[in-house]
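Chain residues, written in single-letter form:
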Amino acid sequence: MKSYITVYKSIGGWKAVLLWWNPELGGFYEPMQTGLCGYETREEAVSEAKWWAEAEDVEYRDEG
C-alpha cells in the first residue's frame, strides 16, 4: 500500500499529514509526519497538503 497525504483536525488546528502503511497487526495506515503548522481552516491545510504531495510526488487524498 502506498503512502499518501491528507488533512486532519488536531488540537493545534487543521494539519497536513503523511500516512504510511504499517503491515503489523494485519495492516493499517498511521501518521509518519505532519506538515509545517496548524491552520484555523481546513482549506488552508488542504492547500499545504496538495503542495506537499506534489513536491514529494505522493498522492493527495481528500478524506473529508
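Residues numbered from 1 in each chain as written. Predicted model: local features only at pLDDT ≥ 70, side-chain atom pairs only at ≥ 80, totals over all residues. Heavy atoms only, no water.

(A) The pairing of strand β2 (residues 13–22), seen in detail. Of all 10 residues in β2, seven are buried, a share of seventy percent or more. Hairpin connection of strand β1 (residues 4–10) to β2: two residues between the antiparallel strands. Strand direction decides the pairing type here: β2 and strand β3 (residues 28–34), joined by six bridges, are antiparallel. By the bridge assignment, leucine 19 is partnered in β3 with proline 31. Linking β2 to β3, which pair antiparallel, is a turn of five residues; within it leucine 25 sits at a positive phi near 55°. (Buried < 20%, exposed > 50% of the residue type's maximum accessible area, 1.4 Å probe, protein only. Helix = DSSP H or I, 4+ residues; strand = E, 2+ residues; numbered from the N terminus. Pairing = 2+ DSSP bridges.)

(B) Region of interest: the nonpolar core. Judged by nonpolar contacts, Ile5, Val7, Trp14, Ala16, Leu18, Ala45, Val46, Ala49, Trp52, Ala53 and Tyr60 together constitute the single largest core of 11 residues. With near-sequence residues (within four places) excluded, alanine 53 lies in contact with Ile5, Val58, Glu59 and Tyr60. (Core = buried A, V, L, I, M, F, W, Y, C linked by side-chain atoms within 4.5 Å. Contact = heavy atoms within 4.5 Å.)

(C) The pairing of β1, seen in detail. Extensive coverage of β1 is indicated by the burial of five of its seven residues. When β1 meets β2, the two strands line up antiparallel, connected through seven bridges. Opposite serine 10, over in β2, you have glycine 13 as the bridge partner. Of the strand pairs in this sheet, β1 and strand β4 (residues 59–60) are connected by two bridges, and their pairing is parallel. When the sheet's bridge partners are listed, isoleucine 5 is paired in β4 with tyrosine 60.

(D) Seen up close, the pattern of salt bridges. Evaluated as defined, the whole model comprises two salt bridges. A salt bridge links arginine 42 to aspartate 62; the nearest nitrogen and oxygen atoms lie 2.6 Å apart. Highlighted residues: arginine 42 in helix α1 (residues 42–56) and aspartate 62 in the segment after β4, separated in sequence by 20 residues. Classification of arginine 42 by relative accessible area gives partly exposed; the value is 22%. A salt bridge links arginine 61 to glutamate 59; the shortest N-O distance between them is 3.3 Å. (Salt bridge = Lys/Arg side-chain N within 4 Å of Asp/Glu carboxyl O.)

(E) Quick peek at the sheet that holds β4. Judged by pairing direction, the sheet is mixed, and its four strands sit side by side in the order β3-β2-β1-β4 without closing on themselves. Of all strands in the sheet, those bounded by a partner on one side alone are β3 and β4. Here α1 sits on the sheet and contacts β1, β2, β3 and β4; the angle it forms with β2, its principal contact strand, is near 40°. (Axes fitted to C-alpha atoms, helices over the stretch in contact; angles between N-to-C directions.)

Bear in mind that shape data such as this cannot, by itself, settle questions of function.
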